[in-house]
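Geometric and topological summary
One letter stands for each residue in the lines below.
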Amino acid sequence: MIFIGIFGIKNSEEKIRDVDFECTGCLSEKVELYAIRKVLELFFIPIITLRKSHIIACKSCKSSYQLKENKMEEVLLKGKVRYDDVEKILKEF
């Protein structure tokens, strides 16, 4: 967390659910969906969400992928991620 006087910027992550996706790093299908937020805080109270993205992370090899925001409703509804739902690969082992 970075503090500027009484304000601070904090990164937070929240696990949403397990989803179906074949990891390109290890071919495992054990993947978790996370919401990553960058939040402006005032005295440790969240005021404004500056940025929000969704990440899937492989439980086995810890590879991570950023998802397209316009595909999130479909991913949450079906619980399945396709390769064309992935915007970019963040880490691949």
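That block above? That's the structure.
The structure reproduced in this document is the subject of the present report.

Here's the deal with the overall build of the protein chain
Across its full length, the protein chain holds 1 helix and 6 strands. Referenced to the eigenvectors of the C-alpha coordinate spread, the extents of the protein chain come out at roughly 45 × 25 × 20 Å. Looking at the 93 residues of the protein chain, the share that counts as buried comes to 32%. Long-range contacts, defined as pairs at least 24 residues apart, comprise 48% of the intrachain contacts of the protein chain with a sequence gap of at least 6. On the protein chain, roughly 6200 Å² of surface is accessible, and the fraction owed to carbon and sulfur atoms is 55%. Taking the average place of the 17 positive charges on the side chains of the protein chain and the average place of its 15 negative ones, the gap between the two points comes to 3 Å.

Digging into the pairing of strand β5 (residues 64-67)
Of the two faces of β5, both are covered, the one formed by S64 and Q66 as well as the one formed by Y65 and L67. Examined bridge by bridge, strand β4 (residues 45-58) and β5 share 3 bridges and lie antiparallel to one another. Note that in β5 the partner of A57 across the bridge is S64. Counted along the chain from β4 to the antiparallel partner β5, the turn is 5 residues long, and its residue K62 has a positive phi close to 65 degrees.

Overview of the environment of N70
Tracing the sequence through the fold places N70 in the loop between β5 and α1 (72-78). Since its relative accessible area comes to 66%, N70 is described here as exposed.

Here's the deal with the state of the cysteines
Taken as a whole and judged by the stated rule, the model has 0 disulfides. For the unlinked cysteine C58, the closest cysteine sulfur is that of C26, found at 3.6 Å.

Considerations on unusual backbone geometry
A positive phi is found at L27, a non-glycine position, where the angle reads about 65 degrees. On the secondary structure map, L27 appears in the loop between β2 (7-19) and β3 (31-42). With a relative accessible area of 56%, L27 lands in the exposed category.

Things to note about the side chain of E32
Among the secondary structure elements, E32 is positioned in strand β3. For E32, the side chain forms a polar contact with the side chain of K15, separated by 3.2 Å. Those residues in contact with E32, other than ones at most four positions away along the chain, are K15, R17, D18, I55, I56, A57 and K59.

Things to note about the packing of aromatic side chains
This model, assessed by the stated rule, comprises 2 aromatic pairs. Arranged with centres 5.3 Å apart and planes meeting at 65 degrees, the rings of F21 and Y65 form a pair that is edge-to-face. Of this pair, F21 sits in the loop between β2 and β3 while Y65 sits in strand β5, placing them 44 residues apart in sequence. As far as burial versus exposure is concerned, F21 and Y65 are alike and both buried. Ring centres of F21 and Y83 lie 5.2 Å apart, and the angle between their planes is 65 degrees; this geometry places the pair in the edge-to-face category. Taken as a pair, F21 in the loop between β2 and β3 and Y83 in the loop between α1 and β6 (86-91) lie far apart in primary sequence, 62 residues in all. Residue Y83 is classed as partly exposed on the basis of its relative accessible area, which comes to 48%.

Reading the values: rules and limits
- Residues numbered from 1 in each chain as written.
- Predicted model: local features only at pLDDT ≥ 70, side-chain atom pairs only at ≥ 80, totals over all residues.
- Heavy atoms only, no water.
- Helix = DSSP H or I, 4+ residues; strand = E, 2+ residues; numbered from the N terminus.
- Buried < 20%, exposed > 50% of the residue type's maximum accessible area, 1.4 Å probe, protein only.
- Contact = heavy atoms within 4.5 Å.
- Areas by Shrake-Rupley, 256 points an atom, 1.4 Å probe, with all protein chains shown as cover.
- Lys, Arg positive; Asp, Glu negative; His and termini not counted.
- Charge placed at Lys NZ, Arg CZ, Asp CG, Glu CD.
- Pairing = 2+ DSSP bridges.
- Disulfide = S-S within 2.5 Å.
- Polar contact = N/O pair within 3.5 Å; in protein donor to acceptor, adjacent residues only side chain to side chain.
- Phe/Tyr/Trp six-rings, centres within 6.5 Å; stacked < 30°, edge-to-face > 60°.

The analysis is restricted to geometry; functional conclusions fall outside its scope.
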